[in-house]
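These are the residues of each chain, in order.
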Amino acid sequence: ASIYSSASILGRLVSFLMNLHITPRTIWLTRHGQSVYNTRGLLGGDSPLSRAGIGYADALRCFVRARDPAVIWTSTLQRTIQTGRATGRGCLQIKALDEIDAGICDGMTYAQIADRFPSVADARAADKLRYRYPQGESYEDVIRRLDPVIMDLERSQEPVMVIAHQAVLRALYAYLVGQAREDCPHLSIPLHTVIELR
Ligand code: F6P
């Protein structure tokens, strides 16, 4: 088993190195517009945009027209799809960009989690990077599933816009700027903000 795993690590390393390039280009990262769940402080779910979120998506349309990304990637959740659709461009939906799966806590507020599942709230506060929600994911799980997306980002020589979610963008941003993995779950990725990386 160890021979197989070292062969696959080597294979991934070779493919990663072959896809590296030094062409200057821009990557834009943005969360979806504010969702109905965001207005209620609820985690996860698949709710549509709020009125303010629709306003952000409309503003993003002007940004996209001015900056002209070659491709736009979204997750498969409707809040990113709706945000992407408002830009008037075709978007590629990527399942690996879906938000962290909060498992049994999906659809709850942080206060409800602390009340109903205090051990979950405590364990997550103690080690947010490694803590896996029951029936859900940890940040480490999210980082792992983003591997192929990062490969595609590295391979692409064109300007790319990624419309995704808080936890996922923390992981992508940390990778792209070389931030320590431990810091990733605590990075600030506010709503209604575009991060431009060159
Ligand atoms: O609250 C918005 C949200 O995207 C949730 O859907 C998700 O569970 C959460 O952010 C991730 O942030 P944190 O890891 O800080 O709870």
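In this text, all values refer to a predicted model and were calculated from it rather than measured experimentally.

Cut-offs used in this document
- Residues numbered from 1 in each chain as written.
- Predicted model: local features only at pLDDT ≥ 70, side-chain atom pairs only at ≥ 80, totals over all residues.
- Heavy atoms only, no water.
- Disulfide = S-S within 2.5 Å.
- Buried < 20%, exposed > 50% of the residue type's maximum accessible area, 1.4 Å probe, protein only.
- Helix = DSSP H or I, 4+ residues; strand = E, 2+ residues; numbered from the N terminus.
- Contact = heavy atoms within 4.5 Å.
- Polar contact = N/O pair within 3.5 Å; in protein donor to acceptor, adjacent residues only side chain to side chain.
- 1 Å grid on protein atoms, 1.4 Å probe; cavity = no way out; pocket = protein on both sides within 12 Å on 5 of 7 lines; lining within 4 Å.
- Points joined across faces, edges and corners; volume = space filled by probe spheres on them.
- Nonpolar A, V, L, I, M, F, W, Y, C, P; charged D, E, K, R; others polar.
- Patch = residues over 30% accessible without salt bridge, like charges linked within 9 Å, V, L, I, M, F, W, Y side chains within 5 Å.
- Areas by Shrake-Rupley, 256 points an atom, 1.4 Å probe, with all protein chains shown as cover.
- Salt bridge = Lys/Arg side-chain N within 4 Å of Asp/Glu carboxyl O.

Engineer: How do you make sense of the state of the cysteines when you look at a structure like this?
Structural biologist: Throughout the structure, instances matching the rule amount to 0 disulfides. Among the cysteines around Cys184, which has no disulfide bond, Cys105 carries the closest sulfur, lying 19 Å off. With a relative accessible area of 1%, Cys184 lands in the buried category.

Engineer: Please explain the environment of His165 as it appears in this structure.
Structural biologist: Among the secondary structure elements, His165 is positioned in the loop between strand E4 (160–164) and helix H9 (166–177). Along the chain, His165 and Gly44 lie 121 residues apart, while their C-alpha atoms are 9.7 Å from each other. Setting aside residues up to four positions removed in sequence, His165 forms contacts with Arg31, His32, Ser75, Leu77, Arg79, Thr80, Leu97, Asp98 and Glu99. Separated by 3.5 Å, the side chains of His165 and Arg79 make a polar contact.

Engineer: Would you mind showing me how to read the layout of surface pockets here?
Structural biologist: Take a probe with the size of a water molecule and roll it over the atoms, and the empty space left behind shows itself. Each pocket or cavity is described by its volume, and for the largest pocket that value is around 410 Å³. Along the wall of the largest pocket there are 17 residues; nearest its centre are Ile143, Asp147, Ile150, Tyr175 and Arg181. Listing elements by their share of the lining of the largest pocket, those giving two or more residues are helix H1 (2–19), helix H7 (139–145), helix H8 (147–155) and H9. Here the residues of the lining of the largest pocket sort into 11 nonpolar, 1 polar and 5 charged. Contributing to the lining of the second largest pocket are 22 residues, with Leu43, Gly44, Glu99, Tyr110 and Gln166 lying nearest its centre. Those elements that provide at least two residues to the lining of the second largest pocket are helix H2 (36–40) and H9. Top contributing element to the lining of the second largest pocket by residue count: H9, with 3 residues. Grouping the amino acids of the lining of the second largest pocket by side-chain chemistry returns 9 nonpolar, 7 polar and 6 charged.

Engineer: Please clarify how a nonpolar patch on the surface should be interpreted in this entry.
Structural biologist: Judged by side-chain polarity, Leu10, Leu13, Val14, Leu17, Met18 and Leu20 come together as a nonpolar surface patch covering roughly 590 Å² of accessible area. Checked against the element boundaries, Leu20 lands in the loop between H1 and strand E1 (27–31).

Engineer: Would you explain unusual backbone geometry in this entry?
Structural biologist: Glycine aside, residues mostly have negative phi angles, and peptide bonds mostly take the trans form. Even without being glycine, Gln135 reaches a positive phi, approximately 65 degrees. Mapped onto the elements, Gln135 comes out in the loop between helix H6 (118–126) and H7. The exposure class of Gln135 is exposed, given its relative accessible area of 71%. Phi is positive for His192, close to 55 degrees, though the residue is something other than glycine. Mapped onto the secondary structure, His192 falls in the loop between H9 and strand E5 (194–197).

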